Amino acid sequence: MKKAMVTGAGGFIAHHLIKRLHQEGYWVRGADIKKPEFGKTAADEFSVLDLRGFENCKKALALDGTFDEVYHLAADMGGMGFIHSMACDIMRNSALMNIHMINAVAQAKIKRYFFSSSVCIYRDMKIGEPEMSEEQAYPALPDNEYGWEKLYAERIALAYGKQHEFKVRIARFQNCYGPEGTWHGGREKAPAAICRKVAEVQDGGTIEVWGDGSAVRSYTYVDDMVDGIYRLMQSDLEGPANIGNPEYVSVNQLVEIVARVAGKKINIKHIKGPVGVQSRNFSNEKIYKTGWRARFNTEAGIRKTYPWIEQQVKKSRHA
Ligand code: NAD
C-alpha cells in the first residue's frame, strides 16, 4: 500500500485530493493548522501542525519507514481581495512552509514531491492573446506578490529535487472551485463569491461585482483539478505544468451562468474593487500528455457547486 502525506488537508483542494488518494488505495496522513471546515477528512491520520516551523514539517513526515509521496498544498491564500490586502502574510507564511517542507522532504529521503503553484506566476495578458506555455513564465512579471512567492517556491522545489535527487512535480492551477470550498469570510474566490451573492438575493435582485466584469478567466472544477494532480504526480513530466479548464469566460458571463443555474434573473452593479489581471490564457498541452482532460465545463461545475453554496447560505441564516 502506497503512503502519502498531504499538507493543506484542512483546506479545499487537498480535502478532495485525499478522497481520491483513498479511492486509489493509498494510506494517507493529512497535515494542516486546522481540521476541514466542511465534512470529515478521508485521511487515515490527521496531524494538526503549524507547518511554518521546520520541526513541525519533520513531525508531519515522521513515520516508521518513509512516505512514498508528499503533496504540498498548504498555503496562506485567498481570492483577489485577500491577495491584494495581505501580501506580507502571504509571502512570509507560505515561504516559510515551502522552504521548511522541501528541506524536511529531502532529509526524510522522500522520492516524490508535489507542489501546488498557480497561474498567478504569469504576467497580465490581453483578452485573446495566444495561449502561453509553461516556459513563457520567464522573463517573469507576476501581477501580485502571491505569484512571486509561488515562483520562488517552484524554484526552491526544483533546486532541492535536483541536488537531492528526488522527483518534483509542479502544477500551476487555474482558478479552482467546487463544493466544500471557502464561500464567505474574505478568502473566497470569484465562483464561490458569485454563487453566494446570487443565493443571497431574490429573483430579479442585484448583486455587486468588482470591476467592469470583462476580466477573463478559466474556472476548473475541483474533481478535474484533483485528477490532474494525481496524473501529474504519477507521470514522468518534468518541470511545471498548467492545469485548467480550456473554456474562457468573463466575470459577467460567470454571473449569467450562475443565474441560469439558480433559475433567477440577476442584475449586476459594477463597483470598484481588486480585479487582478485582465486575462489568463494558458496552454494545457503539457498536462494533456498524461491523458488528462477537463470533464466539467463551467456550467456543469457550477451545477454541482451552486446547490451546496445555496445550502450553506440557508444554514447560516438559520444559525
Ligand atoms: P485553502 O486555503 O482551502 O487550503 C490551504 C490550507 O493551507 C488551509 O487549510 C490552511 O489552513 C492551510 N495552512 C495555511 N497556513 C498553514 C500553516 N501555517 N500550517 C499548516 N497549514 C496551513 O486553499 P486551496 O484552494 O485548497 O489551495 C490549495 C493550494 O492550491 C494552495 O497552495 C494554493 O495556493 C493553490 N492554488 C489554489 C487555487 C484555487 O483556485 N483554489 C488556484 C491556484 C493555486
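Reading the values: the criteria
Residues numbered from 1 in each chain as written. Predicted model: local features only at pLDDT ≥ 70, side-chain atom pairs only at ≥ 80, totals over all residues. Heavy atoms only, no water. Axes fitted to C-alpha atoms, helices over the stretch in contact; angles between N-to-C directions. Helix = DSSP H or I, 4+ residues; strand = E, 2+ residues; numbered from the N terminus. Left-handed = near helix turned anticlockwise from the far one by under 90°. Contact = heavy atoms within 4.5 Å. Pairing = 2+ DSSP bridges. Salt bridge = Lys/Arg side-chain N within 4 Å of Asp/Glu carboxyl O. Buried < 20%, exposed > 50% of the residue type's maximum accessible area, 1.4 Å probe, protein only. Domains from an automatic or database assignment. Buried area = accessible area lost by both parts, 1.4 Å probe. Polar contact = N/O pair within 3.5 Å; in protein donor to acceptor, adjacent residues only side chain to side chain. Nonpolar A, V, L, I, M, F, W, Y, C, P; charged D, E, K, R; others polar. Core = buried A, V, L, I, M, F, W, Y, C linked by side-chain atoms within 4.5 Å.

Bringing the packing of helix 1 (residues 12–23) against helix 7 (residues 222–234) into the picture now. Relative to each other, helix 1 and helix 7 sit at 65°, their axes nearing to 9 Å. For the crossing formed where helix 1 meets helix 7, the hand is right-handed. Touching Phe-12, Ile-13, His-16, Leu-17, Arg-20 and Leu-21 of helix 1 are Val-222, Asp-223, Met-225, Val-226, Asp-227, Ile-229 and Tyr-230, all from helix 7.

Right, let's talk about the sheet that holds strand 10 (residues 240–243) for a bit. Strands sit in the order 3-2-1-4-5-6-10 across an open sheet of seven strands; the sheet is parallel. At either end of the open sheet lies a strand with only one pairing partner, and these are strand 3 (45–48) and strand 10. Looking at each pair of strands side by side, their axes are set apart by 20° on average, direction ignored. Its contacts with the sheet put helix 5 (residues 145–164) on strand 5 (112–118), strand 6 (167–173) and strand 10, and the angle it makes with strand 5 is roughly 160°.

A complete count under the given rule lists 19 salt bridges for this structure. Across the salt bridge formed by Glu-69 and Lys-2, the nearest N and O atoms sit 3.2 Å from each other. Of the two residues, Glu-69 is situated in strand 4 (residues 69–72) and Lys-2 in the segment before strand 1 (3–7); the sequence distance between them amounts to 67 residues. We note a salt bridge from Arg-29 to Glu-45, for which the minimum N-O separation is 2.8 Å. In this pair, Arg-29 sits in strand 2 (residues 27–32) while Glu-45 sits in strand 3, placing the two residues 16 residues apart along the sequence. The class of Arg-29 is buried, set by a relative accessible area of 7%. Looking at Glu-45, the relative accessible area reads 33%, which means it is partly exposed. Each of the salt bridges in this network shares a partner with another, and the network as a whole consists of Arg-20, Glu-24, Asp-227 and Arg-231.

What follows covers the sheet that holds strand 9 (residues 216–221). Taken in spatial order, the three strands line up as 7-9-11 in an open sheet, and their pairing is mixed. The sheet is open, and its two borders are formed by strand 7 (175–177) and strand 11 (248–250), each paired with just one other strand. Recorded for the sheet is a direction-independent mean angle of 50° between the axes of neighbouring strands. Two strands pair when backbone bridges link them, and strand 9 and strand 11 are joined in this way by three bridges, in the antiparallel orientation. Note that in strand 11 the partner of Arg-217 across the bridge is Val-249.

With domains assigned, the protein is organised as domain 1 (3–176 + 222–243) and domain 2 (177–218 + 247–278 + 296–317). On a C-alpha basis, the centroid separation for the pair domain 1 and domain 2 is 26 Å. Taken together, the contact between domain 1 and domain 2 spans 25 residues of the former and 25 residues of the latter. Together domain 1 and domain 2 conceal approximately 2200 Å² of surface at their shared face, both sides included; 55% is due to carbon and sulfur atoms. On the domain 1 side of the interface with domain 2, the three residues burying the most area are Phe-38, Ile-127 and Asn-175, jointly 27% of the side's total. Our count for the contact surface shared by domain 1 and domain 2 stands at two salt bridges. Here Asp-76 makes a salt bridge to Arg-187, at a shortest N to O gap of 2.8 Å. The interface formed by domain 1 and domain 2 includes ten residue pairs in polar contact (both at pLDDT 80 or more). Those elements that place two or more of their residues in the side of domain 1 that touches domain 2 are helix 1, helix 3 (80–85), strand 7 and helix 7. A per-class count over the side of domain 1 that touches domain 2 returns nine nonpolar, nine polar and seven charged.

Looking now at the nonpolar core. Ranked by internal contacts, the top residues of the largest apolar core, which has 62 residues, are Tyr-71 and Leu-73. The dominant element in this core, judged by the number of residues it contributes, is helix 8 (residues 251–262), at eight residues. Two domains each put at least three residues into this core: domain 1 (3–176 + 222–243) and domain 2 (177–218 + 247–278 + 296–317). When residues no more than four places from it in sequence are discounted, the contact partners of Leu-73 are Val-6, Thr-7, Gly-8, Ile-13, Ala-14, Leu-17, Phe-114, Ser-116, Phe-173 and Ile-229.

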